[in-house]
Amino acid sequence: MEISGIITAIIFGAVIGTLGRLVLPGRQNIGWLWTIAVGVAAALVGTAIAAALGVADTKGIDWIEMAIQVGLAAAGVTALERFRSRA
């Protein structure tokens, strides 16, 4: 993987992680680095799920894929916040 791919993954992960946080009510007590990490993971897993469902490559913006990714990011942020509050 080239450096441009890594930078793109970080930027896209930040966007997906932020959108995942925005759909949750209240304040989440996790930092921006965790948000980016959850966003990158959600983007990768969401793309794999969308590919398995056959909705990864459509004309225009892949809204279904993005919805899957944001939903996974929201679930990841919630899980991380609960895990960190117990520790």
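Refer to the structure printed above.
Residues numbered from 1 in each chain as written. Predicted model: local features only at pLDDT ≥ 70, side-chain atom pairs only at ≥ 80, totals over all residues. Heavy atoms only, no water.

Peer 1: Outline the overall build of the protein, supporting the account with residue identities and numerical values.
Peer 2: Regarding its fold elements, the protein presents three helices and zero strands. Along the protein, from the amino end to the carboxyl end, the secondary structure elements read α-α-α. Against the 2.2 N^0.38 benchmark of 12 Å for 87 residues, the protein shows a C-alpha radius of gyration of 13 Å, consistent with a compact globule. C-alpha atoms of the protein, sized along the principal axes, occupy 40 × 30 × 20 Å. Counting all 87 residues of the protein, 30% fall into the buried class. Within the protein, contacts between residues at least 6 apart in sequence are counted, and of these 62% link residues at least 24 apart. Only carbon and sulfur atoms are counted for the fraction: they give 70% of the accessible area of the protein, which is about 5,800 Å². (Helix = DSSP H or I, 4+ residues; strand = E, 2+ residues; numbered from the N terminus. Rg over C-alpha atoms; globule rule 2.2 N^0.38 Å. Buried < 20%, exposed > 50% of the residue type's maximum accessible area, 1.4 Å probe, protein only. Contact = heavy atoms within 4.5 Å. Areas by Shrake-Rupley, 256 points an atom, 1.4 Å probe, with all protein chains shown as cover.)

Peer 1: So what about the side chain of Thr35? Which residues, and what values?
Peer 2: Mapped onto the secondary structure, Thr35 falls in helix α2 (residues 32–53). Reaching out from Thr35, the side chain makes a polar contact with the backbone oxygen of Gly31 at a distance of 3.0 Å. (Polar contact = N/O pair within 3.5 Å; in protein donor to acceptor, adjacent residues only side chain to side chain.)

Peer 1: Can you break down α2 residue by residue, with the values?
Peer 2: What sets the pattern is the α-helix's 3.6 residues per turn: residues three or four places apart point alike. Taking 1.5 Å of rise per residue, the 22 residues of α2 would be expected to cover 32 Å, and the 31 Å separating its terminal C-alpha atoms lies within 8% of that figure. Taken together, the buried positions of α2 are Thr35, Val38, Gly39, Ala42, Ala43, Gly46 and Ala50. Each buried residue of α2 lies within a common arc of 145° when the element is viewed along its axis, so the set occupies one face. Along α2, exposed side chains directed more than 90 degrees from the buried face belong to Leu33, Leu44 and Ala52. Close packing links the buried residues of α2 with α1 (3–22) and α3 (63–86). In the stretch just after α2, Gly54 is the one whose phi turns positive, near 80°. (Expected span 1.5 Å × (residues − 1). Arc of directions from axis to C-beta.)

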